[in-house]
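Survey of secondary and tertiary structure
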Amino acid sequence: MTRTEQETAGTDRPSGTDRPSGVGDLLHRTGRWAALNPVKVLAAWVLLLVLAVFSSGTFASRLSAQNNAVEGSDSARAEEVIEDAFPAASAETDFVVLRSQDLTVADPAFRERVDVALARFRDAERVRAVTSPYEETSALVSPDKHTALIAVGLDGETKDLQKAAEPLQEIAREISTDRVEARFTGYSPLAAASIEQANTDLSRAEGLSFPVTAVILIVAFGSLVAAALPLSLGVIAILASFGALGVLSYVLNFSTITRSAVTMLVIALGIDYSLFIVTRFREELAARPGEGRRGTAEAVGRSMATAGRAVVFSGGTVMISLGGLFLVRSPGPRAMAVGMMVGVLVMLLLALTFLPALLGLLGHGINRLAMPWARRTLAHPDPEHSGWARITARVMRRPVPVALAVAALLGAVALPTFGLTYGVDTGADAVGESRAGQGFSWISGSFAPGLVAPVSVVAVTKGGADLSSQAELEALAEFTGRFTGDDRVAGLQSLTGVLDSRVGGHGPEQLRTARQAAPGAFGGLMSQDGATTLVTVYPKEDADSSGTSALVEDLRVEADRILGPAGITSHVGGQPAQIVDIMRENSRATPLVIGAVLAASWLLLLLVFRSLVLPFQAIAMNLLSVGAAFGIVVLVFQEGHGAQWLDVSRTGFIQVMLPLLTFAIAFGLSMDYEVFLLSRMHEEWERTGDNTVAVRTGITHTARVITSAALIMVTVFASFMFASMLETKQLGFMLAVAVLIDATIVRLFLVPSVMCLLGRWNWWMPGRPSPHAPGTAPTSGEAS
C-alpha cells in the first residue's frame, strides 16, 4: 500500500480506535453508561429542570444594577464612614419632579399637587423622609419656577429600593394632572428602568438569534433531528444556569449585564459543544453500521472520549479565562465571573450526561428528517475531498506568504487598540423614554444632572475628637470656598457654609450656639459625636462625564492639601467618585488579569497536549485575534468609522471593564476552538506521527463544525447589538467580531500555515519521544 493510500485509509474512519486512557477512559465509560441508561439520566435532568423553573424566576426578580464599587478605594471608605457616622441618614435620596408648562410653583394649583405628593410619598413604603420644595426654595425650585423637586429619602438594601421604585413611580403617575406632570427619578428608579429595558433587549435578542441559529444548524447538519439537539441543549442550559444562579442570588448581587453575558456565553457554548459531540457521534456511528444498541453506546462512548474530552478541556480554558476577573477588586466583575462560570459548568454537565443519554436514545435516528441536499453526504461523508480540504491544501502549499500576510493584517487591524479610551455610560439615555428617564431629563434641563448623583466629601477629625477648633473650622471653610465658585459645581452644602448663612460666622462659639438652638438642623452635616462632617457637592454635569471625573480628582487633591494639615482625614465618595475609582481599578487589574489568564492557559494546554510549543503558538494566535477585534471596536464605537452602517453611535470611549470582560470571554472562546482543533490534530499525530497528515486531517474534519459554530456564535452575539443599553451593545459587537476573526482568518489560514512551518516542533516536549505510524518516515515537509 502506498503512503497516500495509508493516509486515506487512516482518515476515512474515526481515528484513535485504540482504548482511551485517563480522562478519555472516564468519559468513555460515563458516556457509554448514559447511552445505555438514557431514561434514568433524562429523568434526573427533568427533575432538576423543574426545580430550575422556579429558581430562575428568583434570579430574574433579584437582578440589580451593576455594582461598580471598588474594595478598599477612597469612595468605598467614604461610604463606610458615612454609614457609621450618620446612621439615621437615608440610604438613598431620589426625587419627585413636578413640572408645568403654564403654572409656576407659586400658583395654588401647582402647590396643591406638591402637597398631595408630599402626603402620598410620606406614607409610602421604604420612605424615611421627604423635603418640600417650599422648605428649600433655592435648591429645589428651578430658575424659571415651572419645575419643583421633592427630595425623597429611602431606606433599605439596593435590591429592595429598586423593587420599591415601581410603586413609587405609580404614585407619581397618579398625582399627575393635565397641567402638572410628576415623575419619580434617581438612582434606584433609573436602575429599575434599566432592568426593564434589559429584559426587553434580551427578549429581542433571543427572538432575532434563534431563527437564524436554527437555519444554520439545519444547513450544517442536513437533518432536522440533529439540528434540534444543539438548539434544545442551548435553551435547557440557559434554564438550568438561571436556576443555579437563582440560588446564588441570595448571597451575591447579579446585574442585568451579567444575565446578558451568561445568556450569550451559555447559548454559544451549548450549541458549540453539542455540535462538536454530535458531529463526532455521527462519524463513529457511520463506522458501526448494524451493530444495534451496543454499537450505538460504543459510538457515544468513543465520541465522549474524543470530542467530549476536548469539550472538558475547552470548558476548563473558558473557566480559567473567566477566573481572571476575580483579580478585579470590585463585586460587579466578580459576580459576573461567578455567573458565567456557573453557566459553563452547567453546560459541561449537560454535554457530558444529558447529551450522551439523548444520543443513546436516538441512535441512527439522529439522521432522520434529512434535507434533500444532504442525504448523499450523510450516507457517504467524505471530508477529505471537501472544499475545506482544498483550502487547507492550498494554504499548506504556501505557508510562508499566508502566515506573513495574515499576521500582518491582524497586527495592522489591532493597532487602534493602543488608542483605546475608557469611559462610563450610566445608562440614562437608554431609558430616556421611561418615566424615570423623563424625570432625569427634566432635572438635567431645569437644574443640573449632578443633583441626582452628588459627590460626598466626608471629613473626620484626628482621633475622633469634636470638630470644634478654630483651625479645623477655618480649614473646612477654606475647602468650601475653594469650590463654591467653581464652574463645574452647581451647588455645595457644608457645615461652615450653613453657619455663615444662619449665624454670620463659623467659629467654635457660633457652632456651639447654633447646635444648641437647632440641634436637628445639622443632622445631615455633622455626626452626633461632632467628629465627622459631610460636604455635599452637586456637579453641573452628569456623573459619568469627564468634567465631573476631573472635579472628583480636584476635590481629593484639595481636601488633602487643605484639610490634611489641620488634622482632618478626608474621603471622597458618591457615584461620580465611584466611577473614577472603577476606572483606576480597571487600569490596575488589566495587566494582572491578562497575565494570569495567559499563564494558566499555557499550563493547561501544556498538560493537555504535552507540547512545549503549542501553548505558545495558541496564545499568540488568540492574542492576535482578540487584539484585532478590539481594534475594530475602537474604530467603530470610539472613532465612529462605519458606525452609521451598523446603526450604532460614536461614543468616544469604550465602557470601562468591558474590554477586560470581553478579553476573558473571547480568549476563552478562542481557546475553545483551539482545543477542539488541536485535539483532532493530536489524535492524528499520535496515530501517524506525521505532522502534515495531522494538520490536514484536523482542519478538514473540524472546519465545517467550527465554522458553523462560529456563525451561530456571531449570530447570537450580534443580536445583542440591537439592545438599547450601551454596554450590552458594545459587548455583543466585541464578541461577534472576535469570534468571526478567530474562526475564519485564524483557524483556516494562520493555524495551518504556522503549524506546517513548525513541522514536528509543534509536538516537541523535552524527554518525550515522537510517535511514528508503522511504515511512515519523516518527510522534508515535517523537518524543523
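Shown above is the structure to which this text applies.
Residues numbered from 1 in each chain as written. Predicted model: local features only at pLDDT ≥ 70, side-chain atom pairs only at ≥ 80, totals over all residues. Heavy atoms only, no water.

The next point concerns the overall build of the chain. When its secondary structure is counted, the chain shows 25 helices and 10 strands. Of all 784 residues assigned to the chain, the portion counted as buried reaches 57%. In the chain, 82% of the contacts between residues at least 6 apart in sequence involve partners at least 24 apart. Total accessible area on the chain is roughly 31000 Å²; 59% of this is exposed by carbon and sulfur atoms. Averaging the coordinates of the 61 positive side-chain charges in the chain and doing the same for the 72 negative ones gives two points 11 Å apart. (Helix = DSSP H or I, 4+ residues; strand = E, 2+ residues; numbered from the N terminus. Buried < 20%, exposed > 50% of the residue type's maximum accessible area, 1.4 Å probe, protein only. Contact = heavy atoms within 4.5 Å. Areas by Shrake-Rupley, 256 points an atom, 1.4 Å probe, with all protein chains shown as cover. Lys, Arg positive; Asp, Glu negative; His and termini not counted. Charge placed at Lys NZ, Arg CZ, Asp CG, Glu CD.)

On to a nonpolar patch on the surface. The grouping of Val46, Val50, Val53 and Phe54 at the surface amounts to a nonpolar patch, some 390 Å² of accessible area in total. Within the secondary structure, Phe54 is located in helix H3 (residues 38–61). A relative accessible area of 64% means that Phe54 is categorised as exposed. (Patch = residues over 30% accessible without salt bridge, like charges linked within 9 Å, V, L, I, M, F, W, Y side chains within 5 Å. Salt bridge = Lys/Arg side-chain N within 4 Å of Asp/Glu carboxyl O.)

This part is about the sheet that holds strand E6 (residues 455–461). Strand order across the open sheet formed by 4 strands is E7-E8-E6-E9, with antiparallel pairing between neighbours. Whereas interior strands pair on both sides, the edge strands pair on one side only; in this sheet they are strand E7 (489–493) and strand E9 (568–573). Strand-to-strand, the axes of this sheet are offset by a mean angle of 20 degrees, without reference to chain direction. Across 6 bridges, the pairing between E6 and E9 is antiparallel. From the neighbouring strand, Val460 faces E9, where its bridge partner is Thr569. Together, E6, strand E8 (532–539) and E9 form the strand contacts of helix H4 (residues 74–85), whose direction differs from that of E9 by roughly 110 degrees. (Pairing = 2+ DSSP bridges. Axes fitted to C-alpha atoms, helices over the stretch in contact; angles between N-to-C directions.)

Let's shift gears to the pairing of strand E4 (residues 181–185). With respect to burial, E4 is a largely interior element, 4 of its 5 residues being buried. Where strand E1 (residues 92–99) and E4 come together, 5 bridges link them in antiparallel fashion. Across the sheet, the residue bridging to Arg99 is Glu181, located in E4.

Counted according to the given criterion, the structure contains 10 aromatic pairs. Ring geometry for Phe59 and Phe254: centres 5.8 Å apart, planes at 65 degrees, overall edge-to-face. With a gap of 195 residues between them, Phe59 in helix H3 and Phe254 in the loop between helix H9 (224–248) and helix H10 (256–286) connect regions that are remote in the sequence. Above the plane of the ring of Tyr134 lies Arg111, whose end atom (NZ or CZ) is 3.9 Å from the centre. (Phe/Tyr/Trp six-rings, centres within 6.5 Å; stacked < 30°, edge-to-face > 60°. Lys NZ or Arg CZ within 6 Å of the ring centre and 35° of its normal.)

Our next topic: the sheet that holds E1. What the 4 strands build is an open sheet, ordered E2-E3-E1-E4; its pairing is antiparallel. Looking along the sheet, the strands with just one partner apiece sit at the ends: strand E2 (127–131) and E4. The average undirected angle you get between the axes of adjacent strands in this sheet is 20 degrees. Strand direction decides the pairing type here: E2 and strand E3 (residues 147–154), joined by 4 bridges, are antiparallel. Directly across from Thr131, in E3, lies its bridge partner Ala151. Along the sheet face, helix H7 (residues 158–175) touches E1, E2, E3 and E4 and points at about 175 degrees away from the line of E4.

If you trace the backbone, Leu555 turns up in helix H20 (residues 546–563). Residue classification places Leu555 among the buried residues on the basis of a relative accessible area of 0%. Separated by 99 residues in sequence, Leu555 and Ser456 have C-alpha atoms that sit 9.9 Å apart. Filtering out sequence-adjacent residues up to four positions away, Leu555 remains in contact with Val455, Val457, Phe479, Phe483, Val537 and Val572.

As a further point, take helix H23 (residues 658–688). A rise of 1.5 Å per residue sets the reference length of H23, with its 31 residues, at 45 Å; its end C-alpha atoms lie 44 Å apart and thus fit the reference within 8%. Among the 31 residues in H23, 29 count as buried, and that is most of the element. Positive phi appears at Gly689, one or two residues downstream of H23, with a value of about 70 degrees. (Expected span 1.5 Å × (residues − 1).)

Considering all chains together, one arrives at 29 salt bridges under this definition. Glu80 is the salt-bridge partner of Arg77, the closest N and O atoms lying 3.2 Å from each other. Note that Arg77 and Glu80 are positioned in helix H4 at a spacing of 3 residues, about one turn of the helix. For Arg77, a relative accessible area of 39% translates into the label partly exposed. The closest approach of N and O atoms between Arg120 and Glu174, which form a salt bridge, is 2.6 Å. In this pair, Arg120 sits in helix H5 (residues 108–122) while Glu174 sits in helix H7, placing the two residues 54 residues apart along the sequence. Taken together, the shared-partner salt bridges connect Arg482, Asp486, Arg488, Asp554, Glu558 and Arg561 into one network.

We note that Arg126 has phi near 75 degrees; this positive angle belongs to a residue other than glycine. Counting through the fold element by element, Arg126 comes out in the loop between H5 and E2. Judged by relative accessible area, which is 32%, Arg126 ranks as partly exposed. Not every positive phi belongs to a glycine, and Arg610 is a case in point at roughly 50 degrees. By the secondary structure assignment, Arg610 is in the loop between helix H21 (575–609) and helix H22 (614–638). A relative accessible area of 45% means that Arg610 is categorised as partly exposed.

All quantities given are derived from atomic positions and should not be read as evidence of function.
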